[in-house]
Amino acid sequence: MIKPIIVGNWKMNTNSYEAYEISSYLVNHINEINSVDKVICPPHIYLPTLHNLVSTSNLHLGAQNMFYKNNGAYTGEVSALMLKEYCEYVILGHSERRTIFSENDDLINKKTKAAIINNIKPIICVGENISERESGSAKNIIRNQILNSLKSIDIDENITIAYEPIWAIGTGIAATPEIAQEMMKHIRSVIKNDFNTNIANKIRILYGGSVTDNNTLEYLSLPDINGCLVGGASLDSKKFSNIVQMASKL
Ligand code: PEP
């Protein structure tokens with residue numbers, strides 16, 4: 001069985017006190033759960049402090065983004081080389097990065113390569129917008145996002161793919177379990193057919209989009225899911241703990 005993973009994407013939220021409070025709660029309440037990988041992705045600025053806090057626990061840290069160069073004249077950017085001191089994971093290609101910051105698959109591909117070289121595990125987000133879904137092109141869009149983001153990469157099970165339909169992110173309109181399963185199955189078949197059958201059976205595929213502790217169970221029982229990427233609900237330490245606990249009971 002593939003070990004499930006629950007990832008919390010805090011986005012540009014929390015102050016330093018809140019970041020510490022949420023993380024302390026998680027260390028105190030879900031540290032004993034070893035059957036699930038638990039990852040929180042706070043804003044970069046809190047990573048060093050939180051790294052000290054979680055270093056003796058089994059709560060892992062992830063970044064929400066990074067640049068693909070190690071250092072240089074890239075004002076405002078943070079590199080994998082810098083992050084690897086604090087993080088084991090990095091979210092790449094989140095739809096907010098794609099839409100607000102115009103990130104494309106080519107850039108995500110470069111970032112993925114840089115993360116891998118620096119031993120940071122990439123969590124690559126893919127997802128269609130509402131018009132792409134309504135026009136019936138969602139599967140093609142997702143396939144292209146995967147092929148382009150993973151181009152020329154010798155993939156292994158340290159890569160995670162998160163299916164996050166854009167219309168479900170932060171809207172409270174979560175994808176139905178049927179839609180989520182259909183797309184996660186499709187993602188696994190793309191990995192199998194276009195990359196590597198063996199890895200397709202090991203890679204973790206997540207669902208993200210308005211996941212809360214009220215609907216998690218509906219997703220976690222789907223055949224092709226290996227966890228969830230949680231946005232808003234990850235800012236509530238109790239809800240996030242509940243979600244991790246549900247994942248541990250599978
Ligand atoms: C996300 O930010 O990746 C996300 C899925 O957000 P939310 O859970 O709030 O929809």
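Source: prediction; values computed, not measured.

Draft legend 1. Structural view of the overall build of the protein chain. Helices and strands together make up the secondary structure of the protein chain, namely 11 helices and 8 strands. In terms of C-alpha radius of gyration, the protein chain reaches 17 Å, essentially the compact-globule figure of 18 Å for 250 residues. Buried residues in the protein chain amount to 52% of all 250 residues. Surface summary for the protein chain: the accessible area is close to 11,300 Å², and the carbon and sulfur share equals 49%. Within the protein chain, the 25 negative side-chain charges are centred at a point lying 5 Å from the centre of the 23 positive side-chain charges.

Draft legend 2. A look at empty space enclosed by the protein. This model, assessed by the stated rule, comprises 1 cavity of 30 Å³ or more. Each pocket or cavity is described by its volume, and for the largest cavity that value is around 30 Å³. In this structure, the largest cavity is lined by Gly-93, His-94, Ser-95, Arg-98, Cys-125, Val-126, Gly-127, Glu-164 and Ile-166. Secondary-structure elements contributing two or more residues to the lining of the largest cavity are helix 4 (95–100) and strand 5 (121–126). Grouping the constituent residues of the lining of the largest cavity by class yields 3 nonpolar, 4 polar and 2 charged.

Draft legend 3. Focus on the side chain of Ser-79. Relative to the assigned elements, Ser-79 resides in the loop between strand 3 (59–63) and helix 3 (80–83). The class for Ser-79 is buried, based on a relative accessible area of 3%. Here the side chain of Ser-79 touches Asn-70 through a polar contact of 2.8 Å, landing on its backbone oxygen. When near neighbours in sequence (up to four residues on either side) are disregarded, Ser-79 contacts Phe-67, Lys-69 and Asn-70.

Draft legend 4. Looking closely at the packing of helix 5 (residues 105–117) against helix 7 (residues 138–149). Running from amino to carboxyl end, helix 5 crosses helix 7 at an angle of 45°, the nearest separation of the two axes being 8 Å. Between helix 5 and helix 7, the angle falls in the class oblique. Residues Asp-105, Ile-108, Asn-109 and Thr-112 of helix 5 pack against Asn-144, Gln-145, Asn-148 and Ser-149 of helix 7.

Draft legend 5. Molecular detail of the site of the ligand. Near the ligand lie 15 residues; those nearest to it are Lys-11, Glu-164, Gly-170, Ser-210 and Gly-231. Contact between the ligand and Lys-11: an oxygen atom at 2.7 Å from a side-chain N or O atom of the residue. Within the backbone of Gly-231, an N or O atom sits 2.8 Å from an oxygen atom of the ligand. Relative to its free-state accessible area of 300 Å², the ligand is covered by the protein chains to the extent of 95%. Counting atoms within 2 Å of the grid points, the majority share of the ligand lands in the second largest pocket.

Draft legend 6. Seen up close, the pattern of salt bridges. Across all of its chains, the model carries 11 salt bridges by this definition. Between Glu-96 and Lys-11 there is a salt bridge whose closest N-O contact spans 2.7 Å. With Glu-96 in helix 4 and Lys-11 in the loop between strand 1 (5–9) and helix 1 (16–30), this residue pair connects regions lying 85 residues apart in the sequence. For Glu-96, a relative accessible area of 26% puts it in the partly exposed group. Glu-103 is paired through a salt bridge with Arg-97; the nearest N and O atoms lie 3.0 Å apart.

Rules behind the numbers
Residues numbered from 1 in each chain as written. Predicted model: local features only at pLDDT ≥ 70, side-chain atom pairs only at ≥ 80, totals over all residues. Heavy atoms only, no water. Helix = DSSP H or I, 4+ residues; strand = E, 2+ residues; numbered from the N terminus. Rg over C-alpha atoms; globule rule 2.2 N^0.38 Å. Buried < 20%, exposed > 50% of the residue type's maximum accessible area, 1.4 Å probe, protein only. Areas by Shrake-Rupley, 256 points an atom, 1.4 Å probe, with all protein chains shown as cover. Lys, Arg positive; Asp, Glu negative; His and termini not counted. Charge placed at Lys NZ, Arg CZ, Asp CG, Glu CD. 1 Å grid on protein atoms, 1.4 Å probe; cavity = no way out; pocket = protein on both sides within 12 Å on 5 of 7 lines; lining within 4 Å. Points joined across faces, edges and corners; volume = space filled by probe spheres on them. Nonpolar A, V, L, I, M, F, W, Y, C, P; charged D, E, K, R; others polar. Polar contact = N/O pair within 3.5 Å; in protein donor to acceptor, adjacent residues only side chain to side chain. Contact = heavy atoms within 4.5 Å. Axes fitted to C-alpha atoms, helices over the stretch in contact; angles between N-to-C directions. Parallel < 35°, antiparallel > 145°, perpendicular 65-115°, else oblique. Near = heavy atom within 4 Å. Sits in = over half its atoms within 2 Å of the grid points. Salt bridge = Lys/Arg side-chain N within 4 Å of Asp/Glu carboxyl O.

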